[in-house]
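# Architecture at a glance
Spelled out from the first residue to the last, the chains are:
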Amino acid sequence: MSSDTELFHPVIELPDPTRAARYQRLVGVDHIKERLRREASVLADPASLTRWAAQHHPAAANASAFTLLRDRAPLLLFAGDVGSGKSALAESFGCDLSDSLRVPVLLYRLKLAARGTGHVGEMTTLIAKSFEQVGAEARRGRTGDGRLKAVTILVVDEADALVQSREATQMHHEDRAGVNAFLAGIDQFAGTATPLLVVLCTNRLAALDPALRRRAAATFEFGRPTEEQRHQVLTTAFDGFELSPGIIDKLVEITGPRSDGTPGFTFSDLTQRLVPAALLRAYPFEPITPDLLVDVATDITPTPAFTDQAAA
Ligand SMILES: Nc1ncnc2c1ncn2[C@@H]1O[C@H](COP(=O)(O)OP(=O)(O)O)[C@@H](O)[C@H]1O
Ligand SMILES: [Mg+2]
């Protein structure tokens, strides 16, 4: 496995136990996981669709329905609020994909530095080089006779700056070049059955270049947890703590949106702020009590909703 350390973080071969556990810990997003598994399987291994068709619709082998599905660019967009699990899922769903396709999955993550320093032509070269390397890896994932050996995933996290709309007025020439290079990079794989998936994560779907949004085979929208999802996250987090009945419900209520328009807690407000804060307030001498939990939850201000203004 060769990869350029200037362009990518160390390549990870999935499944690995840490990431498999991370995937499992993402709760309340089964609908996303489910759809992602299908989209990713078919994009990475179109033959799986052919096998399905042979079984269920043997007379339809040449139907354009299949071509339509196969000709899509292998681009998946993960969009939504901060702390909603985009990065966590992007970097772990390969474990699930590996299980369902029964091949290893190679996870490439583009480095922020690969976005260049703004010198003319630099962004274009870096993006072209990234696609070249990832493409070469991905092509090794299929044998000469078409058998699937491995799938390559490229994650471009916090992609906003890289691929924001070419129409944005304040945009530099160099950024426009970034979008163009990215489109060219992704287009060369459409319909080629190369076992490659590109996942682009963004907080600002609206700011993404429209051409890129159109290219995406699927867009997954991530949001703040609903009442039921908060319940699930908290129940999982405090499993076995033997808290008095009703306290989880109380927390679910406190962590929800307020009538004054304050948004509810994000997933990460729950898992990375509330839960650790509660444990550390009780540790080392006290047990966790309902009052303590209510205090901790009340003290936390939910992450403000992400707006394009806030990012500017
Ligand atoms: N659905 C979820 N279930 C449980 N924890 C979650 C979920 N989504 C996010 N988290 C937690 O929030 C953390 C931050 O999520 P992250 O993927 O970095 O958010 P984003 O990339 O959308 O800003 C994760 O590491 C995880 O601990
Ligand atoms: Mg993220």
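Look above for the structure.
Residues numbered from 1 in each chain as written. Chains lettered and ligands numbered in written order. Predicted model: local features only at pLDDT ≥ 70, side-chain atom pairs only at ≥ 80, totals over all residues. Heavy atoms only, no water.

## Things to note about the side chain of Thr-152
Structurally, Thr-152 is set in strand β4 (residues 151–156). Classification of Thr-152 by relative accessible area gives buried; the value is 1%. (Helix = DSSP H or I, 4+ residues; strand = E, 2+ residues; numbered from the N terminus. Buried < 20%, exposed > 50% of the residue type's maximum accessible area, 1.4 Å probe, protein only.)

## Let's talk about unusual backbone geometry
Keep in mind that most residues, glycine aside, have a negative phi and that most peptide bonds are trans. Put simply, Leu-14 and Pro-15 share a cis peptide bond, and its omega is 5°. Within the fold, Pro-15 resides in the loop between β1 (12–14) and α1 (17–25). Residue Pro-284 is bonded to the preceding Tyr-283 through a cis peptide linkage, with omega at 5°. Topologically, Pro-284 is positioned in the loop between α13 (267–282) and α14 (290–299). In the Ramachandran plot, Arg-102 falls in the positive-phi region, its phi being about 60° despite a non-glycine side chain. Looking at the secondary structure, you find Arg-102 in the loop between α6 (93–101) and β3 (105–109). Phi at Glu-158 is positive, roughly 45°, even though this residue is not glycine.

## Focus on the sheet that holds strand β6 (residues 218–222)
Each strand in a sheet pairs with its neighbour through backbone hydrogen bonds, running either in the same direction (parallel) or in the opposite one (antiparallel). The strand order β1-β3-β4-β5-β2-β6 describes an open sheet built from 6 strands, whose pairing is mixed. Every other strand in the sheet has two partners, leaving β1 and β6 as the edge strands with one partner each. Neighbour-to-neighbour, the strand axes of this sheet turn through a mean angle of 25°, independent of strand direction. Pairing geometry for strand β2 (residues 75–80) and strand β5 (residues 196–202), over 5 bridges, is parallel. (Pairing = 2+ DSSP bridges. Axes fitted to C-alpha atoms, helices over the stretch in contact; angles between N-to-C directions.)

## Focus: the site of ligand 1
For ligand 1, the set of nearby residues contains 16 residues, the closest of which are Val-27, Gly-83, Lys-86, Ser-87 and Ala-88. A distance of 2.7 Å separates an oxygen atom of ligand 1 from a polar atom in the side chain of Ser-87. At 2.8 Å from an oxygen atom of ligand 1 is found a main-chain nitrogen or oxygen belonging to Ala-88. Elements that contribute at least two residues to the shell around ligand 1 include exactly α5 (86–90) and α13. A total of 4 residues in the shell around ligand 1 trace back to one element, the largest contributor, which is α13. When its residues are assigned to classes, the shell around ligand 1 shows 6 nonpolar, 7 polar and 3 charged. (Near = heavy atom within 4 Å. Polar contact = N/O pair within 3.5 Å; in protein donor to acceptor, adjacent residues only side chain to side chain. Nonpolar A, V, L, I, M, F, W, Y, C, P; charged D, E, K, R; others polar.)

## Focus on the pattern of salt bridges
All told, the structure shown has 13 salt bridges when counted by the stated rule. With a closest N to O distance of 3.2 Å, Arg-72 and Glu-39 form a salt bridge. Taken together, the residues span a long stretch of sequence, with Arg-72 in the loop between α4 (64–70) and β2 and Glu-39 in helix α2 (residues 30–44) at a distance of 33 residues. Each of the two residues, Arg-72 as well as Glu-39, counts as buried. In this structure, the salt-bridge partner of Arg-140 is Glu-137, at a minimum N-O distance of 3.6 Å. Owing to a relative accessible area of 7%, Glu-137 belongs among the buried residues under this scheme. (Salt bridge = Lys/Arg side-chain N within 4 Å of Asp/Glu carboxyl O.)

## Let's talk about the pairing of β6
Residues Ala-218, Phe-220 and Phe-222 point to one face of β6 and are all buried, whereas Thr-219 and Glu-221, pointing to the other face, are not buried. By the bridge criterion, 5 bridges tie β2 to β6 in an arrangement that is parallel. Looking at the pairing, Ala-79 lines up with Glu-221 of β6.

## Section: a nonpolar patch on the surface
A contiguous nonpolar patch, built from Phe-241, Leu-279, Leu-280 and Tyr-283 and spanning about 440 Å² of accessible area, is present on the exposed surface. With respect to the secondary-structure elements, Leu-279 resides in helix α13. (Patch = residues over 30% accessible without salt bridge, like charges linked within 9 Å, V, L, I, M, F, W, Y side chains within 5 Å. Areas by Shrake-Rupley, 256 points an atom, 1.4 Å probe, with all protein chains shown as cover.)

## Looking at the pairing of β5
Taken across its 7 residues, β5 has 7 buried, putting it largely inside the fold. A two-sided burial pattern is seen for β5, the buried positions comprising Leu-196, Val-198, Leu-200 and Thr-202 on one face and Leu-197, Val-199 and Cys-201 on the other. One ladder, built from 5 bridges, connects β4 with β5; its direction is parallel. In the sheet register, Val-156 faces β5, and the bridge partner there is Leu-200.

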